[in-house]
Amino acid sequence: AQKVTQAQTEISVVEKEDVTLDCVYETRDTTYYLFWYKQPPSGELVFLIRRNSFDEQNEISGRYSWNFQKSTSSFNFTITASQVVDSAVYFCALLRNAGNMLTFGGGTRLMVKP
Amino acid sequence: DTAVSQTPKYLVTQMGNDKSIKCEQNLGHDTMYWYKQDSKKFLKIMFSYNNKELIINETVPNRFSPKSPDKAHLNLHINSLELGDSAVYFCASSHRTLDSPLHFGNGTRLTVT
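Remember, predicted model here, so these are calculated numbers, not experimental data. (Residues numbered from 1 in each chain as written. Chains lettered and ligands numbered in written order. Predicted model: local features only at pLDDT ≥ 70, side-chain atom pairs only at ≥ 80, totals over all residues. Heavy atoms only, no water.)

Take the side chain of Ser100 of chain B next. Mapping Ser100 of chain B onto the fold places it in the loop between strand S9 (87–94) and strand S10 (103–104). Only 3.0 Å separates the side chain of Ser100 of chain B from the backbone nitrogen of His95 of chain B, close enough to count as a polar contact. Leaving out residues up to four positions away in the same chain, Ser100 of chain B has contacts with Phe35, Arg50 and Leu95 of chain A together with Ser94 and His95 of chain B. (Helix = DSSP H or I, 4+ residues; strand = E, 2+ residues; numbered from the N terminus. Polar contact = N/O pair within 3.5 Å; in protein donor to acceptor, adjacent residues only side chain to side chain. Contact = heavy atoms within 4.5 Å.)

Let us look at the sheet that holds strand S7 (residues 64–70) of chain B. Residues and elements named next belong to chain B. In spatial order, the strands read S1-S3-S8-S7; together these four strands make up an open sheet with antiparallel pairing. The two strands at the open ends of the sheet, each matched to only one other strand, are strand S1 (4–7) and S7. Pairs of neighbouring strands in the sheet enclose a mean axial angle of 20°, with direction left out of account. Pairing of S1 with strand S3 (residues 19–25) involves four bridges; the strand directions are antiparallel. Looking across to S3, one finds that Gln6 is bridged to Cys23. (Pairing = 2+ DSSP bridges. Axes fitted to C-alpha atoms, helices over the stretch in contact; angles between N-to-C directions.)

Scope: geometric values only; no functional claims are made or implied.
Right, dumping it as structure tokens:
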């Protein structure tokens, strides 16, 4: 069975702090993809990153970075020097081969205060 | 030029009514989806269609009936609406390859009174 766990339901930081959002997944598939999506207060779901199960290289995109560790089934997301505009709910998700079904974690609500 | 568009954005209706939500994508994707987001923000897949054929139907009441007239459209019809149907419904699309990210519409907030 597929499962994605985001243990942190809510995180509050002050602007310019670094923050890491945790994601742990379970799957029996050997080939799969992991995603992060952002849902700002306006409600839309914005794709942030995709990582396949064979690529454990960490990725950095501006203030965002992702740490994929297959050994611990984790795909954590770090925002460096957070800004108020980063306030949103962030979802980690796992895509399995069968039916292209995307399984979401419960989301982490990040609040960045000025 | 919105990639995945769904209408209406808001839908308020009474219990027992029948309503539809429309979704269209102009990305050339062959797979479309409906997801439901509940009040606790939990997102769960309802249906997945590939080339107009149903490939996933999670445990959704049969009051929900998706209709895909062509690859670019996947509409959701709901009969006999219940209070528990109140949620935000997201349409999405992708290529049917494992590495294709889903592109989501902006959601339809359904409120059943």
